[in-house]
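# A look at the structure
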Amino acid sequence: MRWSARPAAPSTRTGRRPGTCCSARLYEIELKKREEQAAADQAAKTDIGWGHQIRSYVLQPYQMVKDLRTGVQTSDTAGVLDGDLDEFMAATLAQRAFGTAPGAVEDVD
């Protein structure tokens, strides 16, 4: 029987490739972090339902679109329905950047 001065390589002792156990643990840890983040994001979402509107659209008897978060309103309903939302986006971004809350914004009846 021969004796070797160096021990056997890890792959021959366990029958597995070196580092697979460690990478599997790292994968499990990363997976758990992502699942926790997804659960936190899901919990932060609000309910979709009546009373959670972002904008009110009135097309008759007069025409007006009012953003209920910022209080911005316009009478160009056709433009808004065609996708011209720059005015609303600018007001929302300004509100987030400067931290101002809207005043008492009432819904359009």
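Structure: above.
Keep in mind it's a predicted model, so treat the numbers as computed, not measured.

Of the two faces of strand 2 (residues 64-67), the one lined by Met64 and Lys66 and the one lined by Val65 and Asp67 are each fully buried. Across four bridges, the pairing between strand 1 (residues 55-58) and strand 2 is antiparallel. Looking across to strand 2, one finds that serine 56 is bridged to lysine 66. Where strand 1 folds back on strand 2, the antiparallel hairpin that results is connected by five residues.

An order of 1-2-3 is seen for the three strands of this open sheet, with the pairing classed as antiparallel. Lying at the two open borders of the sheet, with one neighbouring strand each, are strand 1 and strand 3 (73-74). With two bridges connecting them, strand 2 and strand 3 associate as antiparallel partners. Following the sheet pairing, valine 65 is matched in strand 3 by threonine 74.

Another aspect to go through is a nonpolar patch on the surface. Residues Tyr57, Leu59 and Leu81 make up a contiguous nonpolar surface patch of roughly 300 Å² in combined accessible area. Tracing the sequence through the fold places tyrosine 57 in strand 1. You can call tyrosine 57 partly exposed: its relative accessible area is 41%.

Any two side chains of opposite charge can pair if their charged atoms end up close together. In this structure the tally under the stated criterion is two salt bridges. Ionic pairing is found between arginine 34 and glutamate 30, a salt bridge with its closest N-O pair at 3.2 Å. On the criterion of helical spacing, the pair formed by arginine 34 and glutamate 30 is a turn pair, its members being four residues apart in helix 2 (residues 20-44). Taking the relative accessible area as the measure of exposure, glutamate 30 reaches 36% and is therefore partly exposed. Close ionic contact of aspartate 67 with arginine 69 constitutes a salt bridge, the shortest N to O distance being 3.6 Å. For arginine 69, a relative accessible area of 33% puts it in the partly exposed group.

The rules behind the values
Residues numbered from 1 in each chain as written. Predicted model: local features only at pLDDT ≥ 70, side-chain atom pairs only at ≥ 80, totals over all residues. Heavy atoms only, no water. Buried < 20%, exposed > 50% of the residue type's maximum accessible area, 1.4 Å probe, protein only. Helix = DSSP H or I, 4+ residues; strand = E, 2+ residues; numbered from the N terminus. Pairing = 2+ DSSP bridges. Patch = residues over 30% accessible without salt bridge, like charges linked within 9 Å, V, L, I, M, F, W, Y side chains within 5 Å. Areas by Shrake-Rupley, 256 points an atom, 1.4 Å probe, with all protein chains shown as cover. Salt bridge = Lys/Arg side-chain N within 4 Å of Asp/Glu carboxyl O.

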